[in-house]
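# Fold and contact review
Take a look at the letters that make up each chain.
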Amino acid sequence: AIRRISGDGDAIFPSAKAVANIHFQGDEQIHTVSGSISLPTTQHRSTPEGYDEVGISLPTDQYPSKEWRQIGDLDGRNVVIQLGFKRMSRGRVPAGCIFVRGYNLSQAFF
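All figures in this text were calculated on a predicted structure; none of them were measured in a lab.

### Details of the overall build of the protein chain
- What the protein chain contains, in helices and strands, is zero helices and six strands.
- In the protein chain, the proportion of contacts linking residues at least 24 apart, taken out of those at least 6 apart, comes to 57%.
- Just so you have it, the protein chain exposes about 7,300 Å², and 48% of that area is on carbon and sulfur atoms.

Put into structure tokens, the structure is as follows:
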């Protein structure tokens with residue numbers, strides 16, 4: 001589910017995987033898992049251990065405004081899911097991590 005209360009939404013880990021479970025009428029189900037979504041990122045090592053760092057500048061030459069990923073394929077009986085990611089206004093690095101998170105999920109189609 002895509003859920004947004006306000007603001008940019010959750011920052012996505014750059015090498016996250018996407019998982020989709022599609023349930024059709026009756027008992028038919030399709031389970032699809034992507035490899036790494038490989039969103040653009042950079043390393044940021046100044047975050048003190050145990051603290052999040054927010055407000056990190058995201059250069060437009062390294063962080064395009066939109067990124068699209070596809071999971072699934074049309075071979076056989078499968079579902080194709082398109083995921084759209086939008087560059088956030090500022091990046092963040094969660095505590096204990098060194099990779100900047102600069103995107104959130106903005107659209108999903110299947």
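### Notes on the packing of aromatic side chains
- One pass over the structure, following the stated rule, counts two aromatic pairs.
- With a centroid separation of 6.3 Å and an interplanar angle of 25 degrees, the aromatic rings of tryptophan 68 and phenylalanine 109 are classed as stacked. Taken together, the residues tryptophan 68 in strand β4 (residues 66-71) and phenylalanine 109 in strand β6 (residues 101-109) connect sequence positions 41 residues apart.
- Accessibility expressed as a relative area gives 45% for phenylalanine 109, which makes it partly exposed.

### Digging into the nonpolar core
- Of all hydrophobic cores here, the largest spans 18 residues; its most connected members are Ile81, Phe85 and Val100.
- Every element with two or more residues in this core is listed here: β1 (17-23) and β5 (81-93).
- If one sorts the elements of this core by residue count, β5 sits on top with four residues.
- Setting aside chain neighbours within four positions, we find isoleucine 81 in contact with Ala20, Ile22, Arg69, Gln70, Ile71, Phe109 and Phe110.

### What to know about the pairing of β1
- Side-chain alternation along β1 places Ala18, Ala20 and Ile22 on a buried face and Lys17, Val19, Asn21 and His23 on a face that remains uncovered.
- Both β1 and strand β2 (residues 29-36) contribute to a ladder of six bridges, which runs antiparallel. Its bridge partner lying in β2, asparagine 21 is registered against histidine 31.
- Connecting β1 to the next strand, β2, in antiparallel fashion are five residues, including glycine 26 with a positive phi near 85 degrees.

### Topic: the environment of alanine 20
- Of note, alanine 20 is situated in strand β1.
- Between the C-alpha atom of alanine 20 and that of valine 33, which follows or precedes it by 13 residues, the distance is 6.5 Å.
- In contact with alanine 20, not counting residues within four places along its chain, are Ile30, His31, Thr32, Ile71 and Ile81.

### Concerning the confidence of the model for the protein chain
- Overall, the predicted model of the protein chain reaches an average pLDDT of 84, with 86% of residues at or above 70.
- No element of the protein chain has a lower mean pLDDT than β2, at 86, and none a higher one than β5, at 93.
- Counting interchain partners and residues more than four positions distant, the pLDDT-below-50 stretch residues 1-6 has seven contacts.

### Thoughts on the side chain of arginine 101
- The topology assignment puts arginine 101 in strand β6.
- No salt bridge is formed by the buried arginine 101; the nearest opposite charge belongs to aspartate 52, separated by 8.3 Å.
- Those residues in contact with arginine 101 that sit more than four places away from it in its chain are Ala11, Ile12, Phe13, Pro14, Met88, Gly91, Arg92 and Pro94.

Conventions used here
Residues numbered from 1 in each chain as written. Predicted model: local features only at pLDDT ≥ 70, side-chain atom pairs only at ≥ 80, totals over all residues. Heavy atoms only, no water. Helix = DSSP H or I, 4+ residues; strand = E, 2+ residues; numbered from the N terminus. Contact = heavy atoms within 4.5 Å. Areas by Shrake-Rupley, 256 points an atom, 1.4 Å probe, with all protein chains shown as cover. Phe/Tyr/Trp six-rings, centres within 6.5 Å; stacked < 30°, edge-to-face > 60°. Buried < 20%, exposed > 50% of the residue type's maximum accessible area, 1.4 Å probe, protein only. Core = buried A, V, L, I, M, F, W, Y, C linked by side-chain atoms within 4.5 Å. Pairing = 2+ DSSP bridges. pLDDT = per-residue confidence, 0-100. Lys, Arg positive; Asp, Glu negative; His and termini not counted. Salt bridge = Lys/Arg side-chain N within 4 Å of Asp/Glu carboxyl O.

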